[in-house]
Amino acid sequence: VKALFEGAKTAADMTAVAAQAADLRSAADMVAAAKAKLAAPRENVTRLGLTGKDLAALLAEAITSVGAAETEAARAKAISITATLSDEAAAAATVVAASDKVDASHDILSTIGLIGTDLRATVATGVAAVAAVDPSAATAAASTIDRVLADAPQRGIIRLTAALVLLVLVALAVMLRRRRAAGQQRKTAGGPFGAVVIIDGVALPSVVAPAAKVEPAPQGTGASPGEEAG
């Protein structure tokens with residue numbers, strides 16, 4: 001720009017120099033804004049254990065483009081830096097919110113419904129998406145976590161109901177088995193007094209007296225009643 005200014009001889013030349021200077025100033029401002037944004041803390045990214053996308057080399061290229069008056073190249077690099085940081089921040093915020101939901105305390109039904117579900121693995125998938133600056137993948141991971149957490153109470157009710165039904169069935173089976181065993185004991189138990197009665201697992205003799213033995217009537221000699229009388 002300085003060389004153009006020194007070589008300007010007409011008003012038109014001065015106008016062209018002014019336009020180029022304004023263009024260069026605009027590109028420089030964009031690079032400066034990108035540099036400031038890159039230097040700002042990335043809290044959510046840090047919370048996820050990441051250092052963030054390394055954009056230092058791209059920033060250096062943008063500054064070099066400004067020095068060479070390559071305004072379009074400088075703008076493109078500044079825009080790339082700003083867009084990358086924005087996508088990274090959005091992805092990180094999404095995953096941090098999802099991670100906080102996973103770490104939060106849950107009601108008893110949700111806790112039962114989440115048994116066997118590893119949501120930390122889904123959080124790890126989201127963190128990997130942040131590292132790759134992939135907002136779509138980060139959003140997908142967060143959506144999965146939200147869906148699982150929303151369904152957890154219903155799954156907890158189903159599991160609790162199934163457990164209660166199973167307990168009732170087991171209790172009924174045990175009760176029926178004991179009744180059948182007691183009935184079999186009543187049928188097979190016996191002693192000198194005849195049948196026995198099972199009371200609280202103890203065999204007691206029945207009070208029923210044995211039936212009286214009936215003697216058959218004496219047989220006659222074969223004579224008719226008239227002959228016997230004669």
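All residue numbers refer to positions counted from 1 along the written sequence of the respective chain. Note on the predicted model: pLDDT of at least 70 is required for a residue's local features to be given, and 80 or more for side-chain atom pairs to be given and counted; whole-chain, interface and lining totals, by contrast, use all residues. Side-chain measures were taken over the full set of non-hydrogen atoms in the model, leaving aside hydrogen atoms and water.

Student: Mind showing me how you'd approach the packing of helix H5 (residues 71–103) against helix H7 (residues 119–131) here?
Tutor: In a pair of packed helices, the angle between the axes and the distance between the axes together describe the arrangement. To obtain an axis, a line is fitted to C-alpha atoms, over the contacting stretch when the element is a helix, and the angle between two such axes runs from 0 to 180 degrees between their N-to-C directions. Secondary structure follows DSSP: runs of H or I at least 4 residues long count as helices, runs of E at least 2 residues long count as strands, and numbering of each begins at the N terminus. Where H5 contacts H7, the axes come no closer than 9 Å and their chain directions differ by 170 degrees. Our classification of the angle between H5 and H7 gives roughly antiparallel. Contacts from Glu 88, Ala 91, Ala 92, Val 95, Ser 99, Val 102 and Asp 103 in H5 reach Leu 119, Arg 120, Val 123, Gly 126, Val 127 and Val 130 in H7. The labels follow the angle: roughly parallel below 35 degrees, roughly antiparallel above 145, roughly perpendicular from 65 to 115, and oblique for the rest. Contact definition: two residues touch when any of their heavy atoms are within 4.5 Å.

Student: Would you explain the nonpolar core in this entry?
Tutor: One recurring pattern in soluble globular proteins: nonpolar side chains tend to sit buried together. Here the nonpolar core consists of buried residues drawn from Ala, Val, Leu, Ile, Met, Phe, Trp, Tyr and Cys, with membership extended through side-chain atoms lying within 4.5 Å. Burial status follows relative accessibility: with a 1.4 Å probe on protein chains alone, a residue under 20% of its type maximum counts as buried, one over 50% as exposed, and anything between as partly exposed. Core analysis: the largest hydrophobic core is formed by 20 residues, its most contacted members being Leu 48, Val 95, Leu 114, Leu 119, Val 130 and Ile 145. Broken down by secondary-structure element, the contributors of at least two residues to this core are H5, H7 and helix H8 (135–188). Excluding anything up to four places from it in sequence, Val 130 contacts Leu 48, Leu 50, Glu 88, Ala 91, Ala 92 and Val 95. Residues Val 31, Ala 34, Ala 74 and Ile 81 belong to the second largest nonpolar core, which totals 13 residues.

Student: How should the pattern of salt bridges be read in this particular structure?
Tutor: Pairing between side chains of opposite charge can happen when their charged atoms approach one another. Note on definitions: salt bridges are taken to be side-chain nitrogens of Lys or Arg within 4 Å of carboxyl oxygens of Asp or Glu. Evaluated as defined, the whole model comprises seven salt bridges. Taking the shortest distance from any N to any O, the salt bridge between Asp 29 and Arg 25 comes out at 3.3 Å. Separated by four residues within a single helix, Asp 29 and Arg 25 lie in helix H2 (residues 11–39), roughly one turn from each other. For Asp 29, a relative accessible area of 42% gives the class partly exposed. Note on Arg 25: relative accessible area 56%, which makes it exposed.

Shape descriptors only; they carry no functional weight alone.
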